Amino acid sequence: MSKNHLIGVFDDENALMAALHEVKAKGFEIWEVFTPYPMHEVIEAMGKKTRFTFAAFIYGFLGAAGVLAFMYYTAVIDWPINYGGKPTNAFPSFIVVTVVITILTVTLASLFTFSLRAKIYPGKAYILPDKRSTDDMFVMVFDKSVAKNAGSNLEDILREKGAIEVYEKELVTEI
Amino acid sequence: MYKSEVRGPLILGDKNYRQISSDIIAPIDQPIPTWWKAVFGISMLAFLFGLVAIYKTVVEGIGTWGVNNSVGWGWEIINFVWWIGIGHAGTAFSIFLLILRQKWRTSINRAAEAMTVVAVMAAALFPALHMGRVWLAFYIFPYPNTRGPLWVNFNSPLFWDFIAISAYLLISASFWYFGMVPDFATIRDKATSKIKKAVYGFFAFGWTGSSSEWLRYEALSYVLGGIAAVLVVSVHSIVSTDFAVSVIPGWHTTVFPPYFVVGAIFSGFAMVMTLMIIIRKIYKFQDYVTNSHLNAIAKILIFISLIMGTAYATEIFIAWYSGSKYEMFTFFKNRITGDYTFQFWAMVVCNAFIPQLFWFKKVRQNLTIAFIISIFINIGMWYERFNILITSLSKDYLPSSWVTYSPTWVEIGIYIGTIGMFIMGVLLFFKYIPMIAISEVKSVLKVTSLNKKEKIHASHE
């Protein structure tokens, strides 16, 4: 990662999207886009995908199987108790605990996955090119080398599409 | 394209994103107001009184309570169920409405979730104390031990309850926190003081709002929303099985799980309404929590109130239809008439009749009346739990074991203490956490704001 970056700041999501499609069409590689709220259009245009839902399903499956196996072990194998002659493997009354623990497993495992994959954790050193992007600005960041190599002028495209500011900056890590 | 305008604009005033951030962060930046300190002081006193009562309970045992052999569950379980009910609002609001893609939730869900977390903490206190020897409460965890190894009874609703409540607390707290991360980043980046930047920066976990973060954030919120929606239904169903599986007249009915879940959502929504009216009044959030938001809550309350009325009628009908003389006695001689007539009719009037006033548009739009009705619902829901517990337990099958029950100051003290704790928690939330989900409100601004609508109309003319 080169430390020199070109930053385009937009104050309107439509302008951002127009610029995003334009630079993609011209073949520029976008380093990252920062928005104040989740924008599906941006995520789609950046071509990013996640297998999160599949992971969550796996966690749920493992959680359900695990807790059922545990209850079977405790109630049938390790310490069977005779409740008025009822079967020790009381499956219907295991369902409640299974459902709740499955949900708990999915939630906690998904949160940890999120923390790992999106790299969001306490004390993380982060790079935020323009502080205004968590407030009201939409910020598109390019690696400077990408901007230079291409034929057309990136800065002009950004301005033409409605960027209110275009500037170069050395990105620094903050804590 | 024509879009129906069933609901008014969600954000009033000609706001831009910057204004949204600064409006919502404003209470955090301002010095602590006097009323805040006063109310915090009073609730702290209430909480301390609760601590004294808890100390008495722990040191001397639950003999200090008014419960006895017949009425084994008194105010503690009433209050436990009451607080859990209130704690249903957060999940009902953010999760059901998230799945149903109801955009009006965005201004309200944060407060509802905060309320949930505090209410569930208050609720969890009661069963723990009810164990008697609270220092042995960890026995309820199913872990390998030297007592046999003796495992917990997975067939017992009391154990299900423990699992349900702890999972609910953990899940709603993490859902709440995770929703706040982007907003903490906004505060961090707008902060002028170094301390504030460092503190909120720590809690923001290095959030930047890049597309790869939002991608997974969105995925996670739908996964959690989808899976936790089950909890809205399951937690109070499980609480209801504490009653429904025991062979006590008035408890042993199949209507209990849905009846409890609906009741919980009812009291949760009512408490959200109480809280949102206070928030918008004190913090001048009328542009975000609009009349249209409160209108929507009021309409839901009418509907749920009708279900509550139906549930009461069903219970009474089934008591008669079953032909069981014990059921008949409980409902007709110990609830509708008898020693607990006041509590029964207070429940019916507060829950089934008073909310019907929301049919009138004038009532829905008069916030003072709406506020009073929401308080009535919370009182009514307390009486509902009183009815279920005390009437059934005080006069069961054997007239020789009939007793009356009245709480001691210790029981009342613990209740007052939890109310103090709840108010303290809510006040801390008012002061230190953005009360409205900033990034979520931003995401609905352009779709629904007044500004946008006027522009659409202008372009058509």
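Residues numbered from 1 in each chain as written. Chains lettered and ligands numbered in written order. Predicted model: local features only at pLDDT ≥ 70, side-chain atom pairs only at ≥ 80, totals over all residues.

Enquirer: I'd love a proper account of the overall build of chain B, names of residues and values included.
Expert: Per the secondary structure count, chain B includes 17 helices and zero strands. Compactness check: chain B gives a C-alpha radius of gyration of 24 Å against a globular reference of 23 Å for 461 residues, within 12% of the reference. With respect to the principal axes defined by its C-alpha atoms, chain B has extents near 75 × 55 × 40 Å. (Helix = DSSP H or I, 4+ residues; strand = E, 2+ residues; numbered from the N terminus. Rg over C-alpha atoms; globule rule 2.2 N^0.38 Å.)

Enquirer: Requested: an account of the overall build of chain A, with residues and values cited.
Expert: Scanning chain A for helices and strands turns up six helices and six strands. For chain A, the α and β elements follow one another from N to C terminus as β-α-β-α-α-α-β-β-α-α-β-β. On C-alpha atoms alone, chain A measures out to a radius of gyration of 25 Å, which is more than a quarter above the 16 Å that the 2.2 N^0.38 rule sets for 175 residues. Across its three principal directions, the C-alpha atoms of chain A cover 80 × 30 × 30 Å. In chain A, 81% of the contacts between residues at least 6 apart in sequence involve partners at least 24 apart. (Contact = placed C-beta atoms within 7 Å.)

Enquirer: Describe the packing of helix H5 (residues 109–130) of chain B against helix H15 (residues 409–432) of chain B, with residues and values.
Expert: Each pair of packed helices can be summarised by the angle the axes make with each other and by the distance between the axes. All names here are of chain B. Axis separation between H5 and H15 bottoms out at 9 Å; the angle between their running directions is 155°. Our classification of the angle between H5 and H15 gives roughly antiparallel. As for how H5 packs across H15, the hand of that crossing is right-handed. For the pair H5 and H15, contact is made by Ala114, Met115, Val118, Ala119, Ala122, Leu125 and Leu129 and by Ile414, Thr418, Met421, Phe422, Gly425, Val426 and Phe429, respectively. Taken together, the residues of the contact of H5 with H15 sort by class into twelve nonpolar, two polar and no charged. (Axes fitted to C-alpha atoms, helices over the stretch in contact; angles between N-to-C directions. Parallel < 35°, antiparallel > 145°, perpendicular 65-115°, else oblique. Left-handed = near helix turned anticlockwise from the far one by under 90°. Nonpolar A, V, L, I, M, F, W, Y, C, P; charged D, E, K, R; others polar.)

Enquirer: Residue-level account of the sheet that holds strand S5 (residues 165–170) of chain A, with values.
Expert: Residue and element names in this part refer to chain A. Taken in spatial order, the four strands line up as S2-S4-S1-S5 in an open sheet, and their pairing is antiparallel. Because the sheet does not close on itself, it has two edges, and the strands there are strand S2 (30–34) and S5. Going from strand to strand, the sheet's axes swing by 25° on average, the running direction of each strand aside. Against the sheet, helix H1 (residues 13–25) contacts strand S1 (4–10), S2 and strand S4 (138–143), and its axis sits at roughly 20° relative to S4. (Pairing = 2+ DSSP bridges.)

Enquirer: Run through the pairing of S2(A), naming residues and quoting values.
Expert: Residues and elements named next belong to chain A. Of all the five residues making up S2, four are buried; the element is thus mostly covered by neighbouring parts of the structure. As paired strands, S2 and S4 are joined by four bridges and run antiparallel to one another. By the bridge assignment, Phe34 is partnered in S4 with Val139. (Buried ≥ 20, exposed ≤ 12 C-beta atoms within 10 Å, placed from the backbone.)

Enquirer: How would you sum up the nonpolar core? Please name residues and give values.
Expert: Of all hydrophobic cores here, the largest spans 176 residues; its most connected members are Ile103(A), Met115(B), Phe269(B) and Val272(B). Counting contributing residues per domain, this core is built from domain 1 (4–49 + 125–174) and domain 2 (52–117) of chain A, each supplying no fewer than three. With near-sequence residues (within four places) excluded, Val272(B) lies in contact with Ala89(B), Phe93(B), Ile108(B), Ala112(B), Met115(B) and Ile297(B). (Core = buried A, V, L, I, M, F, W, Y, C linked by C-beta atoms within 7 Å. Domains from an automatic or database assignment.)

Enquirer: Give me the lowdown on the packing of helix H4 (residues 88–99) of chain B against H5(B), citing residues and values where you can.
Expert: Residues and elements named next belong to chain B. Running from N to C, H4 and H5 point in directions that differ by 150°, and their axes come no closer than 6 Å. Looking at the two axes, H4 sits roughly antiparallel to H5. Crossing of H4 against H5: the hand is left-handed. Residues Ala89, Gly90, Thr91, Phe93 and Ser94 of H4 form the contact with H5, whose own contacting residues are Asn109, Ala112, Glu113, Met115 and Thr116. Taken together, the residues of the contact of H4 with H5 sort by class into four nonpolar, five polar and one charged.

Enquirer: I'd like to hear about the interface of chain A and chain B, residue by residue, with values.
Expert: On the side of chain B, 52 residues touch chain A, which itself brings 52 residues to the contact. Listed by contribution, the elements that provide at least two residues to the side of chain A that touches chain B are S2, helix H2 (40–45), helix H3 (52–78), helix H4 (91–117) and strand S3 (126–127) of chain A. Per element, the largest residue contribution to the side of chain A that touches chain B is 15 residues, and it comes from H4(A). Split by residue class, the side of chain A that touches chain B holds 34 nonpolar, ten polar and eight charged.

Enquirer: Tell me what's going on with helix H11 (residues 325–336) of chain B, and back it up with residues and numbers.
Expert: Residues and elements named next belong to chain B. For H11, the complete set of buried residues consists of Glu327, Thr330, Phe331, Asn334 and Arg335. The buried side chains of H11 occupy one side of the element, clustering within an arc of 125° when seen end-on. For H11, the secondary structure elements touched by its buried residues are helix H10 (291–322), helix H12 (341–353) and helix H14 (367–394). One or two steps after H11, the chain reaches Gly338, where phi turns positive at roughly 105°. (Arc of directions from axis to C-beta.)

Enquirer: Account for helix H9 (residues 256–282) of chain B, with residues named and values stated.
Expert: Helical periodicity: at 3.6 residues per turn, an α-helix aligns residues three or four positions apart in one direction. Residues and elements named next belong to chain B. Between its first and last C-alpha, H9 extends 39 Å over 27 residues, near the 39 Å set by a 1.5 Å rise per residue. Judged by how many residues are buried, H9 sits mostly within the fold: 20 of 27 residues are covered. Of the residues flanking the end of H9, it is Lys284, one or two places downstream, whose phi is positive at about 55°. (Expected span 1.5 Å × (residues − 1).)

Enquirer: Can you break down unusual backbone geometry residue by residue, with the values?
Expert: Residues and elements named next belong to chain B. Notably, Phe205 is not glycine yet its phi reads approximately 60°, a positive angle. Of note, the phi angle at Lys284 is positive, near 55°, even though the residue is not glycine. Among the structural elements, Lys284 can be located in the loop between H9 and H10.

Enquirer: Tell me about the confidence of the model for chain B, residues and numbers included.
Expert: Residue and element names in this part refer to chain B. Put simply, chain B has an average pLDDT of 86, and 95% of its residues get 70 or more. Across chain B, the secondary-structure element scoring lowest on mean pLDDT is helix H17 (residues 450–460), at 50, and the one scoring highest is helix H2 (residues 34–60), at 94. Here the complex is predicted with pTM 0.89, and the ipTM for its interfaces comes to 0.87. (pLDDT = per-residue confidence, 0-100.)

Enquirer: Could you give me a rundown of the confidence of the model for chain A, with the residues and numbers involved?
Expert: Any residue range with low pLDDT should be treated as having predicted coordinates unsuitable for detailed reading. A residue-level look at chain A finds 94% of positions with pLDDT of 70 or above and a mean pLDDT of 83. By mean pLDDT, the top-scoring element of chain A is H3(A) (90), and the lowest-scoring one is helix H5 (residues 144–149) of chain A (68).

Enquirer: Report on the environment of Arg364(B), specifying residues and quantitative values.
Expert: Residues and elements named next belong to chain B. With respect to the secondary-structure elements, Arg364 resides in helix H13 (residues 361–365). Placed 65 residues apart in sequence, Arg364 and Lys299 show a C-alpha to C-alpha distance of 8.3 Å. With residues up to four places along the chain from it excluded, the contact list for Arg364 reads Asn295, Ala298, Phe358 and Ala370.

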